[in-house]
Amino acid sequence: MVCMSEKWHGIDVPALRILRYPDPRLREVCTPVDAVDDDLRRLVDRMFELMFDVHGVGLAAPQVGVTVRLFVACPTGEPTDRRVYVNPRITALDGKQDGEEGCLSFPGIYSNIKRADLATIHALDLDGVAFEETAQGLLARAFQHETEHLDGRLLVDRMGTVSKLANRRTLKELEEKFASATR
Ligand SMILES: [Zn+2]
């Protein structure tokens, strides 16, 4: 297992930014967090800051280029409603919901994505204590979307042909922007 400290070596937390598709770091399979420590808490604070800046409801660590198994969520948008999931694992899914889904790494793109309506997750909190939570609706959708990020799976993989076609111009713009930024 790659340990957290290795992942952390040389990372400038305040300089972290939200990565956009098609940055290859979004495709990595993330490694488990092996210690819930102050470094991790600093990363979490920065992730919330970046997420609230753009009014997001969920953000996974690989979206800021740190490829460890961690995501944050705030389904109500209230800064007091900060939720953190370290080494999360979905253990049960039930029911169905259909709705628009977006992703902070795909600005301007929304797609209808079918998800389970209920999701149960096991994770550690910021004290390193294990907990289980069952959510419905938007938060259940976030559980499913964010845990997929930790395995390098993205919104675009979930989009159907019609949706890809409808969003093709924006997807192409993101690809061109990334190509010119890395040229
Ligand atoms: Zn996302």
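Our subject is the structure that appears above.
Computed from a predicted model, the values in this text were never measured in an experiment.

1. Observations concerning the state of the cysteines
- Tallied over the entire structure, the rule returns 0 disulfides.
- In this structure Cys74 is a free cysteine whose sulfur lies 17 Å from that of Cys103, the closest cysteine sulfur available.
- With a relative accessible area of 0%, Cys74 lands in the buried category.

2. Comments concerning helix H3 (residues 138-149)
- The terminal C-alpha atoms of H3 lie 17 Å apart, and with 12 residues this matches the ideal 16 Å at 1.5 Å per residue to within 8%.
- For H3, the buried fraction is high: 11 of the 12 residues fall into the buried class.
- Looking at H3, one finds that the buried residues are Leu139, Ala140, Arg141, Ala142, Phe143, Gln144, His145, Glu146, Thr147, Glu148 and His149.

3. Some words on the nonpolar core
- Grouped together as the largest cluster of nonpolar side chains are 21 residues, with contacts concentrated most on Leu43, Met47, Leu59, Val64, Leu70 and Val72.
- Those elements that provide at least two residues to this core are helix H2 (38-53), strand S2 (70-73) and strand S3 (83-94).
- Ranked by residues supplied to this core, first place goes to H2 with 7 residues.
- Aside from chain neighbours lying at most four places away, what touches Val72 is Val44, Met47, Phe48, Met51, Val57, Gly58, Leu59, Arg83 and Val84.
- Counting 14 residues, the second-largest nonpolar core is a separate cluster that includes Ala60, Ala123, Ala135 and Ala140.

Reading guide: rules and limits
Residues numbered from 1 in each chain as written. Predicted model: local features only at pLDDT ≥ 70, side-chain atom pairs only at ≥ 80, totals over all residues. Heavy atoms only, no water. Disulfide = S-S within 2.5 Å. Buried < 20%, exposed > 50% of the residue type's maximum accessible area, 1.4 Å probe, protein only. Helix = DSSP H or I, 4+ residues; strand = E, 2+ residues; numbered from the N terminus. Expected span 1.5 Å × (residues − 1). Core = buried A, V, L, I, M, F, W, Y, C linked by side-chain atoms within 4.5 Å. Contact = heavy atoms within 4.5 Å.

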